[in-house]
Amino acid sequence: MGERILVLDAGTTSTRAMVFGADGALHQMAQRPLTQHYPRPGWVEHDADEIWQRTLACAREVMASAGGAGAIAAIGITNQRETVVAWDRNSGEPLARAIVWQDRRTAPLCAQLKDEGHERAVQRRTGLLLDPYFSATKMRWLLDNEAAVRAAAERRALALGTVESWLVHKLSGGAFVSDASNASRTLLLPLDGAGFDPGLCALFGIPPRALADVVDTHGTLAVASADVLGAAIPVCGLAGDQQAATVGQGCLAPGETKATYGTGAFILTNQGDRVPASGHRLLGTVLTQREGRRRYALEGSVFVAGSLVQWIRDSLGLIGSAAETEALARSIPDSGGVTIVPALSGLGAPHWQADARGVIAGLSFASGRAQIARAALEAMAHQTHDLAAAFAADGESWQALRIDGGMSANDWMAQDLANMLGIAVERPDFVETTAFGAAILAAVGAGFHASLDDAVGAMRGAVRRFEPAMAGDVREERLARWRRALAAAVPAA
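Notes on the structure follow. Keep in mind that what you see is a predicted model, and the values were worked out from it rather than measured.

This brings us to the packing of helix α14 (residues 411–421) against helix α17 (residues 472–489). It is at 9 Å that the axes of α14 and α17 come closest, and there the two elements cross at 95°. Viewed along their axes, α14 and α17 adopt a mutual orientation that is roughly perpendicular. Facing α14, whose interface residues are Asp416, Asn419 and Met420, α17 presents Arg475, Arg478 and Leu479. Of the residues that constitute the contact of α14 with α17, the class distribution is two nonpolar, one polar and three charged.

The subject of this paragraph is a nonpolar patch on the surface. Taken together, Leu26, Met29 and Phe430 make up a surface patch of nonpolar side chains, about 250 Å² in accessible area. As for its placement among the helices and strands, Phe430 is situated in the loop between β20 (424–428) and α15 (433–445).

Turning our attention to the sheet that holds strand β2 (residues 14–21). The strand order across the open sheet formed by six strands is β3-β2-β1-β5-β12-β11, and the pairing between neighbours is mixed. Edge positions in the sheet fall to β3 (26–33) and β11 (218–224), since each has one partner strand and no second. Here the average twist between neighbouring strands, direction ignored, is 25°. Across the sheet, helix α1 (residues 48–66) lies against β1 (4–10), β2, β3, β5 (72–79) and β12 (233–240), angled at about 155° from β3, the strand it touches most. Each of β1, β5, β11 and β12 is contacted by helix α6 (residues 163–172), which is oriented at about 150° to β5, the strand it contacts most.

Turning next to the nonpolar core. Among the nonpolar cores identified, the biggest contains 96 residues, and Leu158, Leu160, Leu188, Tyr261 and Leu401 are the most heavily contacted of them. Ranked by residues supplied to this core, first place goes to helix α13 (residues 369–393) with 13 residues. Leave out the neighbours within four places in its chain, and Leu401 touches Thr257, Lys258, Ala259, Tyr261, Ile267, Thr384, Leu421, Ile423, Ala424, Val425 and Glu426. One finds Ala17, Ala159, Val177 and Val228 within the second-largest nonpolar core, a separate group that totals 42 residues.

Okay, the packing of aromatic side chains next. Taken as a whole and judged by the stated rule, the model has 14 aromatic pairs. Note on Tyr133 and Phe134: the rings are 4.7 Å apart at their centroids and 40° apart in plane angle, and the pair reads as tilted. For the pair formed by Tyr133 and Phe134, the shared burial category is buried. In this structure an aromatic cluster arises from ring pairing among Trp101, Tyr133, Phe134, Phe266, Phe303 and Trp352. Positioned above the aromatic ring of Phe266 is the side chain of Arg81, whose terminal nitrogen or guanidinium carbon lies 5.5 Å from the ring centre. A cation sits over an aromatic face here: Arg105 above Trp141, 4.4 Å from the ring centre.

So, about the sheet that holds β20. Taken together, the seven strands give an open sheet; going across it, the order is β15-β16-β14-β13-β19-β20-β21, and neighbouring strands pair in mixed fashion. Two strands close off the open sheet at either side, each with one partner strand: β15 (283–290) and β21 (463–466). Pairwise comparison of adjacent strand axes, ignoring direction, gives a mean angle of 30° for this sheet. Strand direction decides the pairing type here: β20 and β21, joined by four bridges, are antiparallel.

So, on to α13. Over its 25 residues, α13 runs 37 Å from end to end, which matches the ideal 36 Å to within 8%, given 1.5 Å per residue. Counting buried residues along α13, 21 of its 25 residues qualify, which places the element largely inside the surrounding structure.

Take the pattern of salt bridges next. Following the criterion strictly, the structure yields 31 salt bridges and no others. Of the charged contacts, one joins Arg81 and Glu299 as a salt bridge, the two residues approaching to 2.5 Å between their closest N and O atoms. Of this pair, Arg81 sits in the loop between β5 and β6 (85–88) while Glu299 sits in strand β16 (residues 293–302), and the two are 218 residues apart along the sequence. The residue Arg155 makes a salt bridge to Asp88 at a minimum N-O spacing of 2.6 Å. With Arg155 in the loop between α5 (147–154) and β8 (158–161) and Asp88 in strand β6, this pair connects stretches of sequence that are 67 residues apart. Residue class for Arg155 comes out partly exposed when judged on its relative accessible area of 48%. For Asp88, a relative accessible area of 7% corresponds to the buried category. Each of Arg81, Glu82, Arg185, Asp241 and Glu299 takes part in a single network of salt bridges with overlapping partners.

Conventions we followed
Residues numbered from 1 in each chain as written. Predicted model: local features only at pLDDT ≥ 70, side-chain atom pairs only at ≥ 80, totals over all residues. Heavy atoms only, no water. Axes fitted to C-alpha atoms, helices over the stretch in contact; angles between N-to-C directions. Helix = DSSP H or I, 4+ residues; strand = E, 2+ residues; numbered from the N terminus. Parallel < 35°, antiparallel > 145°, perpendicular 65-115°, else oblique. Contact = heavy atoms within 4.5 Å. Nonpolar A, V, L, I, M, F, W, Y, C, P; charged D, E, K, R; others polar. Patch = residues over 30% accessible without salt bridge, like charges linked within 9 Å, V, L, I, M, F, W, Y side chains within 5 Å. Areas by Shrake-Rupley, 256 points an atom, 1.4 Å probe, with all protein chains shown as cover. Salt bridge = Lys/Arg side-chain N within 4 Å of Asp/Glu carboxyl O. Pairing = 2+ DSSP bridges. Core = buried A, V, L, I, M, F, W, Y, C linked by side-chain atoms within 4.5 Å. Buried < 20%, exposed > 50% of the residue type's maximum accessible area, 1.4 Å probe, protein only. Phe/Tyr/Trp six-rings, centres within 6.5 Å; stacked < 30°, edge-to-face > 60°. Lys NZ or Arg CZ within 6 Å of the ring centre and 35° of its normal. Expected span 1.5 Å × (residues − 1).

Laid out in structure tokens, this is it:
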């Protein structure tokens, strides 16, 4: 058995497999796109079997390059969170398309539960708000609207899980587990409770027998079957993508903060062993769990980040690639008054407006693709600034911000974040910290390192730092334009 770690990173727009060494070095990588299905406005779906087949293809490709299954000592898995898969526990086959975290179809149910007065108690117990973003209402929708899902529930064969549960089930030939970080995103796990709560299940109408066993984020959590990968390999790390990125950024001490700019943008501040409680519409989430002992994070979630650039490229045709946005932003002194509110699937934290819609404000005949591209990048700093204010109001003022994800490779955007936040922004040379964090968890779970701190010290590489350099009046003028555009994005009551 080798000392390399296979990481499966099942994201929103693609799935990947990577092989890392115990020293943090990346040896192999393979990637496949995932098909996005938009059957109605506000609906986003994936084919669960496609997620599995393409993830497996990536895994087999990198394992072959690494020297076969014998070279792999452990597996780490990280995944898009909140996305719900329904499958038959006996056959292992999906029963409907997966409902993706961005999907907004359950907004009416969330509104009903709010009107009935449930949100405060739900937030106190789970750290989450009643929003379509989270898993429980998606599960309820599948039970109410998919005959195959209902039938499986009636014969006690239904499995409802997030993506890591689905992948482990397929890899292992039947294990049904959910790690505590992913489970904490469902609305069904109390932050201080060991497993899914029967009372919360009853509130959302979810049969507890359809849910997985809640396990640690690192340790020996399951075993991949030799029939699937060519050898029995332990799964030693599981975490939702944002928790994995927080570990990958080395944010292991209370107060340390990271922001991941991928399809969406997600900011987490380590809370240590203190259960988070927000008065400003931020979220509490489980960061890691080992031998039942939890570490927590305070989180702000933005639904649209890199997907805004993707939309400008694919739907508007204004750019040929995301990389063009940096040169376009640098080609002009400012956005010419153009401001974008990227509420293409509602607004996340700290606004939580499910029915908000995107706005492009300040257009004139002088506006062109450079102004729109720059305004799209500026929107990342504007949204992050709103979150910084909410975190500060909850007593968590950021001293620095560690960034990662695909968009963070854009130097102009990284500097703009520093300028608008007025703090240093740090970016590691290896920005794919989601997969790296899963590798760290698996390395500790497999015993290569004694603790997460030891693993980060041994595996993490160099960091680049961006210092703020913007006049206060320029910052305030931009924020004033942002606030005006933001008001236009929210429907009148």
